[in-house]
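Chain by chain, the residues:
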Amino acid sequence: MASEPKYPIREVSRLTGINPVTLRAWQRRYGLLKPARTEKGHRLYSDADIALIRQILHWVEQGVSIGQVKGLLNSPQPVEEGSNWEQARQSLLAAACELNTGRLEAELNELASLYPAELLLRHVIEPWLTSLAQLARPDGQLIEQSAMALLSRVLMQLLTIKTGPRIAVARVGQGNEHASVLTCFELQGLECRSLELGLLEPLQLPLAMERLNRDALVVLLGGGLTQSWFAERAECWPEHCFFIGELGRMYVEQGWITQPHENTVSEIARKHNATFGLV
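So, a few notes on the structure that sits alongside this text. (Residues numbered from 1 in each chain as written. Predicted model: local features only at pLDDT ≥ 70, side-chain atom pairs only at ≥ 80, totals over all residues. Heavy atoms only, no water.)

Let's talk about the sheet that holds strand E7 (residues 241–244)
Using the following cut-off: The pairing criterion is simple: DSSP has to find at least two bridges between the two strands. In DSSP terms, a helix is any run of H or I states spanning at least four residues, a strand is any run of E spanning at least two, and both are numbered starting from the N terminus. In what follows, a contact means two residues having at least one pair of non-hydrogen atoms within 4.5 Å. Comment: axis = line fitted to C-alpha atoms, over the contacting stretch for helices; angle = value between 0 and 180 degrees taken between N-to-C directions.
Across the sheet, 5 strands lie side by side as E5-E4-E6-E7-E8; this open sheet has parallel pairing. The strands lining the two open edges of the sheet, one partner per strand, are strand E5 (193–199) and strand E8 (261–262). With 6 bridges joining them, strand E4 (residues 166–172) and E5 adopt parallel strand pairing. Of the residues in E5, the one forming a bridge with Ile167 is Ser194. Those strands touched by helix H9 (residues 178–189) are E4, E5, strand E6 (216–221) and E7, and its axis lies near 160° from that of E4.

See the structure below:
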């Protein structure tokens, strides 16, 4: 007996971590999903649909392109692990080196519509940015700056969510400015709205938190912070405050911070009772 359709798309997004835009694209463009409809035309998904979404996600994580997944659902075959991710990275790098902003923008938008934000960031965007930073050529800095400017613009245009938890995002210490917009993009994949605060002086937080009207604060930890810096600001952090960033692990090991910390907001959502923990 087929399972009963009972989950609206927002609930499916919460259960699977796949945003509604991507779920709709998987249905319309590739025929991977066939949800039922209410009388008003709204999609309703069953437990079987959710199981299928997780199966699709499994193949995507292995590096299978979304266009190839359908053929693997019923008769899975061995695949070259990570091949789709590698192709995407190389294509973005080639477009950036050519200073072909039109192609680069089109490819970024295409990837963002087809793949979950967390996977796209980890497997494509972040390794691509590392490759840009390591370009050993006379015009390397120009290429990197041009690509970064375009990436920031594309991601900001994608931050269109109107409902969901409201999360403030800020940076402290020394670090890349683009990390904030990447985090805002990842939060959108968790069905959260975001407000970027830029480089933060935590001593000012108690004066501003009520006016910010946020459900939580995410702080990206950069380099150069000291034990005394954390001690002087220990009472400034609001109740729902979460630290992210690879450097934060060092601060945790030193015993300088006690707030929840993970490398990414998706890990915070999975491992902690976060306000924005939707997966």
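Additional details are given in the paragraphs that follow.
Details of unusual backbone geometry
Using the following cut-off: A simple rule labels every residue: compare its accessible area, found with a 1.4 Å probe on the protein chains alone, to the largest value its type can have, and call it buried under 20%, exposed over 50%, or partly exposed in between.
Of note, Glu191 is a non-glycine position whose phi angle comes to about 65°, a positive value. Classification of Glu191 by relative accessible area gives buried; the value is 10%.

A look at helix H7 (residues 117–133)
So the rule is basically this: Note on bend: the value at a residue is the angle between axes fitted to the seven residues ending there and to the seven starting there.
Largest kink in H7: about 30°, centred on Ile125, with the proline Pro127 one to four residues after it. Where the residues of H7 are buried, they touch helix H3 (47–61), helix H5 (83–97), helix H6 (101–114), helix H8 (140–158) and H9.

Concerning the pairing of E6
Of all 6 residues making up E6, 6 are buried, and the element is well covered by its neighbours. Side chains of E6 alternate between two faces, with Ala216, Val218 and Leu220 and Leu217, Val219 and Leu221 buried alike. Direction of pairing for E4 relative to E6: parallel, over a ladder of 6 bridges. Bridge pairing in E6 links Val169 to Val218.

Some remarks on H3
What counts is decided by this rule: Take the number of residues in a helix, subtract one, and multiply by 1.5 Å to get its expected span.
Compared with an ideal rise of 1.5 Å per residue, which puts 15 residues at 21 Å, H3 spans 21 Å between its outermost C-alpha atoms and is within 8% of the ideal. Buried residues of H3: Asp49, Ile50, Ile53, Ile56, Leu57, Trp59 and Val60, and no others. Of the residues flanking the end of H3, it is Gly63, one or two places downstream, whose phi is positive at about 100°.

Observations regarding the packing of H5 against H6
Applicable threshold: Oblique is the label for any angle not under 35 degrees, not over 145, and not in the 65 to 115 range, which are roughly parallel, roughly antiparallel and roughly perpendicular in turn. Crossing handedness follows the turn of the near helix against the far one: under a right angle anticlockwise gives a left-handed crossing, and clockwise gives a right-handed one. Lys, Arg, Asp and Glu make up the charged group, whereas Ala, Val, Leu, Ile, Met, Phe, Trp, Tyr, Cys and Pro make up the nonpolar group; the residues left over, Gly among them, are polar.
Where H5 contacts H6, the axes come no closer than 9 Å and their chain directions differ by 155°. It follows from the interaxial angle that H5 and H6 lie roughly antiparallel. For the crossing formed where H5 meets H6, the hand is left-handed. For the pair formed by H5 and H6, the contact residues are Ala88, Ser91, Leu92, Ala94, Ala95 and Ala96 on the first element and Arg103, Leu104, Glu107, Leu108 and Leu111 on the second. When grouped by side-chain class, the residues that make up the contact of H5 with H6 number 8 nonpolar, 1 polar and 2 charged.

A short note on the pattern of salt bridges
Where we set the bar: We define a salt bridge as a contact between a side-chain nitrogen of Lys or Arg and a carboxyl oxygen of Asp or Glu at a distance within 4 Å.
This model, assessed by the stated rule, comprises 15 salt bridges. One salt bridge connects Arg153 with Glu105, and the closest N-O pair in it is separated by 3.4 Å. Of the two residues, Arg153 is situated in helix H8 and Glu105 in helix H6; the sequence distance between them amounts to 48 residues. A network of salt bridges, in which partner residues are shared, links Glu98, Arg103 and Glu107.

Digging into the nonpolar core
For clarity, the threshold we go by: Remark: nonpolar core denotes a set of buried residues (Ala, Val, Leu, Ile, Met, Phe, Trp, Tyr, Cys) joined through side-chain atoms within 4.5 Å.
Ranked by internal contacts, the top residues of the largest apolar core, which has 52 residues, are Ile125 and Trp128. The element best represented in this core is H7, accounting for 9 residues. If we ignore the near neighbours within four places in the chain, the residues touching Trp128 are Arg89, Leu92, Leu93, Ala96, Leu104, Leu108, Ala147 and Leu151. Ala170, Leu200, Val219 and Trp229 belong to the second-largest nonpolar core, a separate cluster that totals 16 residues.

A short note on the sheet that holds strand E1 (residues 7–8)
Strand order in the open sheet formed by 3 strands is E1-E3-E2, and the pairing between neighbours is antiparallel. Only two strands of the sheet have a single partner each, and these edge strands are E1 and strand E2 (36–37). Here E2 runs beside strand E3 (residues 43–45); their pairing, made up of 2 bridges, is antiparallel. In the sheet register, Ala36 faces E3, and the bridge partner there is Leu44. Sitting on the sheet, helix H2 (residues 20–30) touches E2 and E3, and the angle it makes with E3 is about 95°. Along the sheet, H3 makes contact with E1 and E3, crossing E3 at roughly 85°.

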